[in-house]
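# Survey of secondary and tertiary structure
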Amino acid sequence: VTKFGTFAILEAPGGRRHTIGYVRVRHEGMTERSVLTGSNFLRAARRVFIYQTAEYDLTGPAGQGKGGLTYMLMNAHASLNERIDVQGLYHRGRSIDARAITDDVLNGRALQPGALDGLLFESAGGRLTARVTSTVRINAGYTRDRNNHDSSATGRLTVGASTSNLAQTGIDVSVSESRIHRPTGQYNSLYASVGRQIGSRVYFSGDYSSSVSIARFTRSDGLTIETRPHTRQLTFSGVVTLTRSLSLLMTGEHTRDDDTSDVRVLSGLNVRFR
């Protein structure tokens, strides 16, 4: 497998930045992927900022099917005044296992149904955030979401609040509640997070989530997002600063629903090069 790529960057006053790139992946003489990438950040007005990034497949994987938009993110942010911000978001992505498709073509195997149709998610909406005090923020937003190519669109109304250094205790708190409307019914999803700096080197946090979405890998379709309204997830994480260049990350996660229980532990080392 060989990979070739090139990119160019244009920078302008006011923090504006535009990039364009091209990546080509060859697998045993066959073009596995031919991808055009791009991103830009610009200041549309005094308090309006827009960020966009996208990937576009010029051909289908291994020459099969069609190319097209693989990934796109558009984020527009505007400050109406010193206290109120408005954000608009459009997010779309596909998950296609180009390597598996290329292997199948090279070995003369028939492609699995749905292998070339890999819509993973699509979301469009907006959010309003208000600063009540210097440390307290409240927000409300609405989005229309679609998970996977065979799913119907759902509505999601979210309200939340966050604060840092609650009552001068050093505790950071964030809470949000979402109301999801699906063709099969309605349910709520709660997220809460509490964190605190301990000494000068340790930050510890605990998160609780209900009605989470789980990413599941399948060989034919790549990734599939499963929505589980009855799921509960509890996460504990910590960051320990060892030196100016090294920090240790630790995470423990327990996910439970009506039928299964899952425990995951993750640790890692972050190295900062100066």
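Everything below is about the structure shown above.
Residues numbered from 1 in each chain as written. Predicted model: local features only at pLDDT ≥ 70, side-chain atom pairs only at ≥ 80, totals over all residues. Heavy atoms only, no water.

## A word on the environment of Thr260
Rule in force here: The numbering of helices and of strands both runs from the N terminus, where a helix is a DSSP run of H or I of at least 4 residues and a strand a run of E of at least 2. Two residues form a contact once any of their heavy atoms are found within 4.5 Å.
Topologically, Thr260 is positioned in the loop between strand E16 (246–256) and strand E17 (261–271). As a C-alpha pair, Thr260 and Gly88 span 172 residues in sequence and 36 Å in three-dimensional space. Sequence-distant contacts of Thr260, that is, excluding residues within four places in its chain, are made with Arg228 and Thr255.

## Observations regarding a nonpolar patch on the surface
Formally: Patches in this entry comprise residues that are over 30% relatively accessible and not in a salt bridge; like charges within 9 Å are linked, as are nonpolar side chains (Val, Leu, Ile, Met, Phe, Trp, Tyr) within 5 Å. Methods summary: accessible areas were calculated by the Shrake-Rupley approach with a probe of 1.4 Å, and residue burial reflects only the protein chains presented. Any carboxyl oxygen of Asp or Glu that lies within 4 Å of a side-chain nitrogen of Lys or Arg is treated as forming a salt bridge with it.
On the surface, Ile198, Phe204, Tyr208, Leu234 and Phe236 cluster together to form a nonpolar patch covering roughly 450 Å² of accessible area. Of all the secondary structure elements, the ones that give two or more residues to the nonpolar patch are strand E12 (202–210) and strand E15 (232–241). Structurally, the position occupied by Phe236 is in strand E15.

## Examining the side chain of Thr255
This is how it is decided: Three labels apply to residues, based on accessible area from a 1.4 Å probe with only protein chains included: buried if under 20% of the type maximum, exposed if over 50%, partly exposed otherwise in between. Polar contact criterion, stated in full: a pair of N or O atoms within 3.5 Å, where within protein one must be able to donate a hydrogen and the other to accept it, and residues adjacent in sequence count only if both atoms are side-chain atoms.
You can see Thr255 is positioned in strand E16. Thr255 gets classed as buried once you look at its relative accessible area, which sits at 9%. Among the polar contacts made by the side chain of Thr255, one reaches the side chain of Gln233 at a distance of 3.0 Å. Beyond its immediate chain neighbours, meaning those up to four positions away, Thr255 contacts Thr231, Arg232, Gln233, Thr260, Ser261 and Asp262.

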